[in-house]
Amino acid sequence: MTDFNQSPKLQLLPAIDVADGKAVRLTQGKAGTETSFGSPVEAAEDWVRQGAEWIHLVDLDAAFGRGDNRAVIKKVIKAIKGRVQVELSGGIRDEASLEAALATGVKRINLGTAALENPEWTASAIAEYGEQIAVGLDVRGTTLAARGWTQDGGDLWHVLERLEAAGCSRYVVTDVTKDGTLKGPNIELLKQVADRTDKPIVASGGVSSLDDIAALRELVPHGVEGAIVGKALYAGAFTLVAALDVAGQ
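Residues numbered from 1 in each chain as written. Predicted model: local features only at pLDDT ≥ 70, side-chain atom pairs only at ≥ 80, totals over all residues. Heavy atoms only, no water.

1. Quick notes on the nonpolar core
Line of reasoning, step 1. Counting 70 residues, the largest nonpolar core has Leu12, Ile16, Ile109 and Leu137 as the members making the most contacts within it.
Line of reasoning, step 2. For Leu12, the contacting residues outside a window of four places in its chain are Trp54, Ile213, Ala227, Val229, Leu240, Ala243, Leu244, Ala247 and Gln249.
Line of reasoning, step 3. In terms of nonpolar packing, the next biggest core, distinct from the first, is built from seven residues, Leu13, Ala134, Val172 and Val202 among them. (Core = buried A, V, L, I, M, F, W, Y, C linked by side-chain atoms within 4.5 Å. Buried < 20%, exposed > 50% of the residue type's maximum accessible area, 1.4 Å probe, protein only. Contact = heavy atoms within 4.5 Å.)

2. Comments concerning empty space enclosed by the protein
Line of reasoning, step 1. By the definition in use, this model includes two cavities of 30 Å³ or more.
Line of reasoning, step 2. Approximately 50 Å³ is the volume found for the second largest cavity.
Line of reasoning, step 3. Every residue along the wall of the second largest cavity is listed here: Val173, Thr174, Asp175, Pro185, Asn186, Leu189, Leu190, Ala203, Ser204 and Gly205.
Line of reasoning, step 4. Of all the secondary-structure elements, those providing two or more residues to the lining of the second largest cavity are strand E10 (171–175), helix H8 (187–196) and strand E11 (201–204). (1 Å grid on protein atoms, 1.4 Å probe; cavity = no way out; pocket = protein on both sides within 12 Å on 5 of 7 lines; lining within 4 Å. Points joined across faces, edges and corners; volume = space filled by probe spheres on them. Helix = DSSP H or I, 4+ residues; strand = E, 2+ residues; numbered from the N terminus.)

3. Concerning the layout of surface pockets
Line of reasoning, step 1. There is about 230 Å³ of room inside the largest pocket.
Line of reasoning, step 2. Around the largest pocket, the lining is made up of 14 residues, and of these Asp59, Arg70, Leu88, Ser97 and Ala101 lie nearest the centre.
Line of reasoning, step 3. Those elements giving two or more residues to the lining of the largest pocket turn out to be helix H3 (70–80) and helix H4 (95–103).
Line of reasoning, step 4. Residues belonging to the lining of the largest pocket are distributed by class as follows: six nonpolar, four polar and four charged. (Nonpolar A, V, L, I, M, F, W, Y, C, P; charged D, E, K, R; others polar.)

4. Structural notes on the pairing of strand E4 (residues 54–59)
Line of reasoning, step 1. Within E4, six of the six residues are buried, which leaves the element mostly enclosed by the surrounding structure.
Line of reasoning, step 2. Pairing of strand E1 (residues 11–19) with E4 involves four bridges; the strand directions are parallel. By the bridge assignment, Ala15 is partnered in E4 with His56.
Line of reasoning, step 3. Pairing geometry for E4 and strand E5 (residues 85–89), over five bridges, is parallel. The residue bridging Val58 from the neighbouring strand is Ser89, located in E5. (Pairing = 2+ DSSP bridges.)

5. Observations regarding the environment of Leu102
Line of reasoning, step 1. Tracing the chain through its elements places Leu102 in helix H4.
Line of reasoning, step 2. Of the residues examined, Leu102 reaches a relative accessible area of 15% and is grouped as buried.
Line of reasoning, step 3. Between the C-alpha atom of Leu102 and that of Ala71, which follows or precedes it by 31 residues, the distance is 15 Å.

6. Brief notes about the packing of aromatic side chains
Line of reasoning, step 1. Per the stated rule, a full pass over the model turns up one aromatic pair.
Line of reasoning, step 2. Summarising the aromatic geometry, the rings of Trp47 and Tyr234 are spaced 5.5 Å apart at their centres and angled 80 degrees between planes, so their arrangement reads as edge-to-face. With Trp47 in helix H1 (residues 40–49) and Tyr234 in helix H10 (residues 231–234), this residue pair connects regions lying 187 residues apart in the sequence. Across the pair, exposure class does not vary: Trp47 and Tyr234 are buried alike.
Line of reasoning, step 3. Sitting above the plane of the Trp157 ring, Arg196 keeps its charged end 3.9 Å from the centroid. (Phe/Tyr/Trp six-rings, centres within 6.5 Å; stacked < 30°, edge-to-face > 60°. Lys NZ or Arg CZ within 6 Å of the ring centre and 35° of its normal.)

7. Structural notes on the pairing of E1
Line of reasoning, step 1. By the criterion of burial, E1 is predominantly enclosed, with nine of the nine residues buried.
Line of reasoning, step 2. On E1, burial covers both faces: Gln11, Leu13, Ala15, Asp17 and Ala19 on one face and Leu12, Pro14, Ile16 and Val18 on the other are all buried.
Line of reasoning, step 3. Direction of pairing for E1 relative to strand E12 (residues 224–229): parallel, over a ladder of four bridges. Its bridge partner lying in E12, Leu12 is registered against Ala227.
Line of reasoning, step 4. Pairing geometry for E1 and strand E2 (residues 22–25), over three bridges, is antiparallel. Within E2, the position partnered with Val18 by the bridge is Ala23.
Line of reasoning, step 5. In this antiparallel pair of consecutive strands, E1 and E2, the connection spans two residues, and Asp20 shows a positive phi of 55 degrees.

Written out as structure tokens, the structure is:
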């Protein structure tokens, strides 16, 4: 067995979900379950201070189709520019919203609903922007969830096959039933997706302890490149500094 300290590191992406201008967390992605954690800019500054290399920034209002937080998101990105990479998600469904998102200077865009509802446009966006595009696969069982997780978005394996054919460079895989519940990630689901693609996977949902991070790090050789961590950090289950240490960063 290889020495754990020599195994490849797991990238950690602390999440900042923005609703109504505030940093919030949801339970199982449901609108109305928000718990507020204050200023998104302060949250971002805090993660950077603690050593984050990435931040996963989500415009929840745009994801739910109930407005947007563009001004606040821009402030967050401006505050931390050059010190940390940002992955931006939420409500990016057409050329205009994609161009506006990329114009903010973020490293990566995470497409969600659009990838399920508008395959042709998604394929052209992947062809044009390559590594800058990741696709979020939000899963219940093997059924994908769309529109802020309020609608079914088709079969996971069919969609994955289509995205592979389109040359998608990275997947963000979330078990919706685990997200915001602190019940541990769905290791089996991540292994199954990793078996069907050689592209890197970012795990999302359910991380509750440093043991969970250690378990995800063990999947790095299988293709799990990183993990988005949200509620556990905000709830004080562990510090980002401790998590980065376990992740090998």
